[in-house]
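Observations on the model geometry
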Amino acid sequence: MTGVDVAAHAGLRRTVLVVALANLAYFGVEFAVALAIGSVSLFADSVDFLEDASVNLLIFVALAWSARARAKVGMALALILLIPGLATLWTAWDKFLDPVAPQPLALSLTGLGALVVNLTCAFLLARYRDHRGSLTKAAFLSARNDAFANVAIIAAGAVTAFLWRSAWPDLIVGLAIAALNLDAAREVWEAAREEHRAEP
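Since the structure is predicted, the reported quantities are computational estimates derived from the model, not experimental observations.

The rules behind these values
- Residues numbered from 1 in each chain as written.
- Predicted model: local features only at pLDDT ≥ 70, side-chain atom pairs only at ≥ 80, totals over all residues.
- Heavy atoms only, no water.
- Axes fitted to C-alpha atoms, helices over the stretch in contact; angles between N-to-C directions.
- Helix = DSSP H or I, 4+ residues; strand = E, 2+ residues; numbered from the N terminus.
- Parallel < 35°, antiparallel > 145°, perpendicular 65-115°, else oblique.
- Contact = heavy atoms within 4.5 Å.
- Nonpolar A, V, L, I, M, F, W, Y, C, P; charged D, E, K, R; others polar.
- Patch = residues over 30% accessible without salt bridge, like charges linked within 9 Å, V, L, I, M, F, W, Y side chains within 5 Å.
- Areas by Shrake-Rupley, 256 points an atom, 1.4 Å probe, with all protein chains shown as cover.
- Salt bridge = Lys/Arg side-chain N within 4 Å of Asp/Glu carboxyl O.
- Buried < 20%, exposed > 50% of the residue type's maximum accessible area, 1.4 Å probe, protein only.
- Core = buried A, V, L, I, M, F, W, Y, C linked by side-chain atoms within 4.5 Å.
- Phe/Tyr/Trp six-rings, centres within 6.5 Å; stacked < 30°, edge-to-face > 60°.
- Lys NZ or Arg CZ within 6 Å of the ring centre and 35° of its normal.
- pLDDT = per-residue confidence, 0-100.

**Here's the deal with the packing of helix α2 (residues 40–62) against helix α3 (residues 67–80)**
Relative to each other, α2 and α3 sit at 175 degrees, their axes nearing to 11 Å. Accordingly, the angle class assigned to the pair α2 and α3 is roughly antiparallel. Where α2 abuts α3, its residues Glu-51, Val-55, Leu-58, Ile-59 and Ala-62 lie against Arg-70, Val-73, Leu-77 and Ile-80. Per-class residue counts for the contact of α2 with α3 are seven nonpolar, no polar and two charged.

**A closer look at a nonpolar patch on the surface**
A surface patch of nonpolar side chains, amounting to about 1000 Å² of accessible area, comprises Trp-93, Phe-96, Leu-97, Phe-162, Leu-163, Trp-164, Trp-168 and Ile-172. Looking at the nonpolar patch, the elements with two or more residues in it are α4 (82–97) and α7 (168–198). At three residues, α4 tops the list of elements feeding residues into the nonpolar patch. Turning to its location among the elements, Trp-93 is positioned in helix α4. On the accessibility criterion, Trp-93 (53% relative accessible area) is exposed.

**A closer look at the nonpolar core**
Residues Phe-49, Ile-59, Leu-77, Leu-125 and Val-188 are the most contacted members of the largest nonpolar core, which totals 28 residues. Contact partners of Leu-125, with chain neighbours within four places excluded, come to Thr-15, Val-16, Val-19, Asn-56, Ala-139, Phe-140 and Ala-143. By size, the runner-up hydrophobic cluster in this structure holds 14 residues, among which are Val-47, Ala-149, Ile-153 and Ala-156.

**Remarks on the packing of aromatic side chains**
On inspection of all chains with the given rule, the structure shows five aromatic pairs. Taking the centre distance of 5.2 Å and the plane angle of 55 degrees together, the rings of Tyr-26 and Phe-49 count as tilted. Pair noted here: Tyr-26 is in helix α1 (residues 3–37) and Phe-49 is in helix α2, with a separation of 23 residues, a long-range link. On the accessibility criterion, Tyr-26 (13% relative accessible area) is buried. For Phe-49, a relative accessible area of 0% puts it in the buried group. An aromatic cluster of at least three residues, connected via ring pairs, comprises Phe-27, Phe-31 and Phe-43. Stacked on the ring of Phe-60, the Lys or Arg Arg-13 has its end atom at 4.0 Å from the ring centre.

**A word on the confidence of the model for the protein chain**
When the pLDDT values of the protein chain are averaged, the result is 83; 90% of them are 70 or greater. Confidence scores differ between elements of the protein chain, with α3 showing the lowest mean pLDDT of 76 and helix α5 (residues 104–126) the highest of 94.

As structure tokens, then:
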């Protein structure tokens, strides 16, 4: 690698480590609030933070590997991206059986905190999203999709507070988060498969 490549590689490793630690920290915050107020969308998003922390830690370790090995890890990450979606479906079913609206202010404020974390992570990862193939694509897509989900969580809290005191806004957003994760998993799988095919 050239000097520029080495610097970019080192910068990427530092970035994914910072992103992993930020995601792990906010997972604890969001998971605790989700349990306290009974929110499907916050539960799903907290699992997403844990998944993002795992993805970025795997990237931190795997960047020193060959392109073929990275492609295989990328395929594994595509499967990991499915986990939050499956967790969301389970919690959504549980909420459907007991449709109590979550506390709207706590829902929106926690979603706002998550948005700040995810926008920061997406900004840090944006310059590397096409670097080293499917691995960094997985990290960037996760942060980007999570930011969209956080806006929807904030909106669900506002709708619950002012328009519709129901469990449904939270449920709908939780299911939308599951759909985002399924799409991200597809994109990462395709990128990893292309990377695997390109390597002799």
